[in-house]
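Report on the structure
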Amino acid sequence: MGVLEIIDDGAVRTVTLNRPEKRNALTSEMLRGLQALFSETPAPEARVVALRATGPVFSAGVDLRESLDEGVPANEGSIDAALHAIETYPLPVVAVVQGPAIAGGNELALHCDIVVASTNATFWMSLAQIGLAPTWFLSKKLLDVGGPVLAKEMLLLGDPVPAQRMYDLGIIARVAEPDDFDAAADAVIDRLAANAPLSMRAMKALINRGMAYRDAIPHDDVDRIVAAARESHDAREGMAARLEKRPPQFTGR
């Protein structure tokens, strides 16, 4: 069994992150795999994709050890490409979030069309705590789904947001207690599998086109600020501190 497990069962394809010993941290290999999977033309019988994860954590985001070894920016191009492929995949994609979804893991869930979460789940953007900043592509998703108030809270504080609050704000579609979580996720997936595929493709395309207006906003200057943060001494210190489980010593350089 690899770090990405794919099971096709009639109308439903299940893609599972399978790196629980590393909290499903996303390596370059996993991101390339996700991009390739969601760039494929769906099979004629396919109706919906379920994105799941093994273990107690949905995903801790990009693999910081790999990022430190390869240098900042941390998998920037790979994660943008993978999430864009998921967002633009013709069929509905359901994120089944059983536990914490952190940084890139949070973005992975929110780039799916529908999120079903356990009350054990939390949604974090902890990048400011380790000296990083999201790309334009990643930050605009937070604006799309949560608006500027939640985006600022998630990005500037970097603290976990419980699944129940995400549901109350209308950001995720379902939340359920752990004992009822699998049944709640299966009910959503089964409903989608029973719907008309051409209708779902058309409606997803309409929604994506309606949300694409942010892509035309000039952001070269913002990209430079983001790159400066991601390539800074503070970023390397923050990632190292997180891996070493110690408080970071930020110097602003």
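Residues numbered from 1 in each chain as written. Predicted model: local features only at pLDDT ≥ 70, side-chain atom pairs only at ≥ 80, totals over all residues. Heavy atoms only, no water.

1. Concerning the environment of L169
The residue L169 is located in the loop between α6 (163-168) and β9 (174-176) in this model. As a C-alpha pair, L169 and I7 span 162 residues in sequence and 32 Å in three-dimensional space. (Helix = DSSP H or I, 4+ residues; strand = E, 2+ residues; numbered from the N terminus.)

2. Side note on the pattern of salt bridges
Considering all chains together, one arrives at nine salt bridges under this definition. Here R52 makes a salt bridge to D186, at a shortest N to O gap of 3.1 Å. Of the two residues, R52 sits in strand β3 (residues 48-53) while D186 sits in helix α7 (residues 178-194), which places them 134 residues apart along the sequence. Of the residues examined, D186 reaches a relative accessible area of 36% and is grouped as partly exposed. Taking the shortest distance from any N to any O, the salt bridge between R246 and E244 comes out at 2.6 Å. Through salt bridges that share partners, D8, R13 and E40 make up one connected network. (Salt bridge = Lys/Arg side-chain N within 4 Å of Asp/Glu carboxyl O. Buried < 20%, exposed > 50% of the residue type's maximum accessible area, 1.4 Å probe, protein only.)

3. What to know about helix α10 (residues 233-244)
For α10, which comprises 12 residues, the first-to-last C-alpha distance of 16 Å matches the rise-based estimate of 16 Å (1.5 Å per residue) to within 8%. Of the positions making up α10, those classed as buried are D234, A235, E237, G238, M239, A240 and A241. Sitting at the amino-terminal end of α10 is S232, which places a side-chain oxygen 3.4 Å from the backbone nitrogen of D234. Backbone geometry just downstream of α10 places K245 in the positive-phi region, at approximately 55 degrees. (Expected span 1.5 Å × (residues − 1). Polar contact = N/O pair within 3.5 Å; in protein donor to acceptor, adjacent residues only side chain to side chain.)

4. Quick notes on unusual backbone geometry
Glycine aside, negative phi is the norm for most residues, and most peptide bonds take the trans geometry. In this model, N24 sits at a positive phi of 55 degrees, which is unusual for a non-glycine residue. Inspection of the secondary structure puts N24 in the loop between β2 (12-17) and α1 (28-39). Given a relative accessible area of 0%, N24 falls into the buried group. Even without being a glycine, A103 presents a positive backbone phi close to 50 degrees. Among the structural elements, A103 can be located in the loop between β5 (101-102) and α4 (104-110).

5. Notes on the sheet that holds strand β6 (residues 114-118)
The pairing of strands in a sheet happens through backbone hydrogen bonds and is either parallel or antiparallel. Read across the sheet, six strands follow the order β1-β2-β3-β4-β6-β9 without closing on themselves; strand pairing throughout is mixed. The open sheet has two edge strands, β1 (4-9) and β9, and neither has a second partner. This sheet shows a mean twist of 15 degrees between the axes of neighbouring strands, independent of strand direction. (Pairing = 2+ DSSP bridges. Axes fitted to C-alpha atoms, helices over the stretch in contact; angles between N-to-C directions.)

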